[in-house]
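Coordinate inspection notes
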Amino acid sequence: MKIRRLTEPASLAILHEPTQSWISLRAALDARSGLDELSHLPANLLALLATGDHSRARIIELVEWAAAEGIGVANEPAPAIPYYPSSLRCSLGWEEHWVKAAHRLLDRNLPAARPPAWAYERLTRKVFPPLRPKPAFYDHPVYYTGNHLTVIGDGEPMPWPAYTTELDFELEFGMILAHPVRDATPEKAAAAIGGFVVFNDFSARDVQWDEQRRGVFGPVVKAKTFGSSIGSVVVTADEILPKIDQLGAAVHVNGTRWSSTSTRGLRYTPGEVVAYASQSENLHSGELITSGTLPMGCGLELNRWISPGDEVTLSIDSIGSVTNTVADPS
C-alpha cells in the first residue's frame, strides 16, 4: 500500500493501483460513515502503518469503492512531508559505497597518498586497508544519530549551509518504525518496520573531511546535521521487505540522469539493523532508520557536484522519489 499526506483538505491518501489515482481516506471514510465496521480504521500515518492485515484489506476495499464512485480522488496532489520523524539513525549499508567514496576523498584531499594506495591495490588486488570500513562494520550494523529536526519534505528547498563549498546528496531509503521494540530478534525487528520512504542525506563533504581528520566525534557532526529530506510517498513494509535487495534506483539532476544503481549488496537486512539498534534500548513508533548511501548514489562517488539552483531527484523503484532544489548559500 502506498500512502501520502494531503494538505487541502488534511487527510491521508491511498494510491488506487489500477488507476494510479490517489484517494482521500478521510473523504472515503466520511462517505461510508454508516458502516460501523469501518469506524475503527486508522486515519493517521503511524496508526495506519501499525494496523494488521485485516484492517489493511478493509482499507483497500474502501479505496476500490471510492475510486469506482469517484469519491475523494486527489489528482496530482502537491508534495508534502508524510510525517515528522521522532528520531533519526543513519546506517552504513554498502561496503561498495564506502570504498568508492573513500577513494574519491583521498584523491581530492590527500593526493600525495594516492601512489602508495594504487601500488598496493595493483600488487594485491585488494582494497588499500585504510580505505575500507572499520572492522565493526563487518561484525554488526553501524549507524550514527542524525538530526531529525532538520528533515524537510519532498519539494522543499534545501538550504546551502554557509560553511561549505562542497554540498552533496546521498540516495538512501528510510525505514519507519510502526511498533515499539527492545532487544528484538531480526524477525521481530523486521515486523516492527511499518513503511519505507526515499531519503536524501545531504552532506557537506569538505566539512566531513575536516571532521574526520581533525575532529573529536567523527565526520558526521556539522557535515550532516544541517538537513536531509524524505519523499512524499510511504510504502508499507509488506511490499518492500521481500525484495529490499532487488530494487533499481537512480539520481537525476536538473532532469539529467547522473547515475543508475540498485539496492543489491546490502550488508545487513532491515531486520538486522533494527535489531542491533534495539539492543538494551527502547525503540518507538515514528523513529526513522536509514539505509546508508546506495553505491554510486552520491556526487562524491560520481565526481559530479551540485550547485545552487540545481534540482536533485533521487528515486528507488517500488518506493518512490524525493526532489529538492538547492537554495543559495545562506
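All values derive from a computational prediction rather than experimental measurement.

Rules used in this analysis
- Residues numbered from 1 in each chain as written.
- Predicted model: local features only at pLDDT ≥ 70, side-chain atom pairs only at ≥ 80, totals over all residues.
- Heavy atoms only, no water.
- Helix = DSSP H or I, 4+ residues; strand = E, 2+ residues; numbered from the N terminus.
- Buried < 20%, exposed > 50% of the residue type's maximum accessible area, 1.4 Å probe, protein only.
- Contact = heavy atoms within 4.5 Å.
- 1 Å grid on protein atoms, 1.4 Å probe; cavity = no way out; pocket = protein on both sides within 12 Å on 5 of 7 lines; lining within 4 Å.
- Points joined across faces, edges and corners; volume = space filled by probe spheres on them.
- Nonpolar A, V, L, I, M, F, W, Y, C, P; charged D, E, K, R; others polar.
- Disulfide = S-S within 2.5 Å.
- Polar contact = N/O pair within 3.5 Å; in protein donor to acceptor, adjacent residues only side chain to side chain.
- Axes fitted to C-alpha atoms, helices over the stretch in contact; angles between N-to-C directions.
- Domains from an automatic or database assignment.
- Buried area = accessible area lost by both parts, 1.4 Å probe.
- Salt bridge = Lys/Arg side-chain N within 4 Å of Asp/Glu carboxyl O.

A look at the environment of Ala74
The topology assignment puts Ala74 in strand E4 (residues 73-74). Owing to a relative accessible area of 16%, Ala74 belongs among the buried residues under this scheme. Here the alpha-carbon distance between Ala74 and His97, two residues 23 residues apart in the chain, equals 39 Å. With near-sequence residues (within four places) excluded, Ala74 lies in contact with Leu6 and Trp22.

Side note on empty space enclosed by the protein
The full count for this structure, using the stated rule, is two cavities of 30 Å³ or more. Approximately 80 Å³ is the volume found for the largest cavity. Along its surface, the largest cavity is lined by 14 residues, and Gly93, Leu266, Tyr268, Val273 and Ser291 are the ones closest to its centre. In the lining of the largest cavity, the residues fall into nine nonpolar, five polar and no charged. By volume, the second largest cavity is sized at about 50 Å³. Around the second largest cavity sit Leu88, Cys90, Tyr144, Gly146, Asn147, Thr150, Asp201, Lys224, Thr225, Gly227 and Ser228, which together line it. Taken together, the residues of the lining of the second largest cavity break down into three nonpolar, six polar and two charged.

Focus: the state of the cysteines
Scanning the model with the defined rule gives zero disulfides in all. A disulfide-free cysteine, Cys90 has its sulfur positioned 14 Å from the sulfur of Cys298, the nearest such atom. With a relative accessible area of 2%, Cys90 lands in the buried category.

Side note on the environment of Ile176
Inspection of the secondary structure puts Ile176 in strand E10 (residues 171-177). Residue class for Ile176 comes out buried when judged on its relative accessible area of 0%. Residues Ile176 and Ala117, 59 residues apart in the sequence, show an inter-C-alpha distance of 40 Å. Ignoring any residue separated from it by four or fewer positions in sequence, one finds Ile176 in contact with Leu46, Leu49, Tyr83, Ala192, Ile193, Gly194, Gly195, Val197, Val234, Glu287 and Leu288.

Quick word on the side chain of Ser262
Looking at the secondary structure, you find Ser262 in strand E16 (residues 256-262). Within the structure, the side chain of Ser262 is placed 3.2 Å from the backbone nitrogen of Arg264, a separation counted as a polar contact. Not counting the four nearest positions on each side in its chain, Ser262 is found in contact with Leu247, Gly248, Ala249, Leu294 and Pro295.

Concerning the packing of helix H4 (residues 95-109) against helix H5 (residues 114-124)
Packing of H4 against H5 brings their axes to within 10 Å, and their N-to-C directions diverge by 145 degrees. Across the interface between the two elements, His103, Leu106 and Asp107 from H4 touch Arg114, Ala117, Trp118 and Glu121 from H5. In terms of residue class, the contact of H4 with H5 is built from three nonpolar, one polar and three charged.

Examining the domain arrangement of the protein
The domain boundaries assigned to the protein delineate domain 1 (2-74) and domain 2 (87-329). Here the C-alpha centroids of domain 1 and domain 2 sit 32 Å apart. Tallying the contact residues gives 11 residues for domain 1 and 16 residues for domain 2. Here domain 1 meets domain 2 over a buried area of about 1,000 Å², counting both sides, of which 63% is carbon and sulfur. When the area that domain 1 buries against domain 2 is broken down by residue, the three leading residues are Lys2, Leu46 and Leu49, summing to 50%. Summed over the shared surface of domain 1 and domain 2, the result is two salt bridges. Here domain 1 and domain 2 share two residue pairs in polar contact (both at pLDDT 80 or more) between them. Looking at the side of domain 1 that touches domain 2, the elements with two or more residues in it are strand E1 (2-7) and helix H2 (45-50). Looking at the side of domain 1 that touches domain 2 residue by residue, the classes come out as six nonpolar, no polar and five charged.

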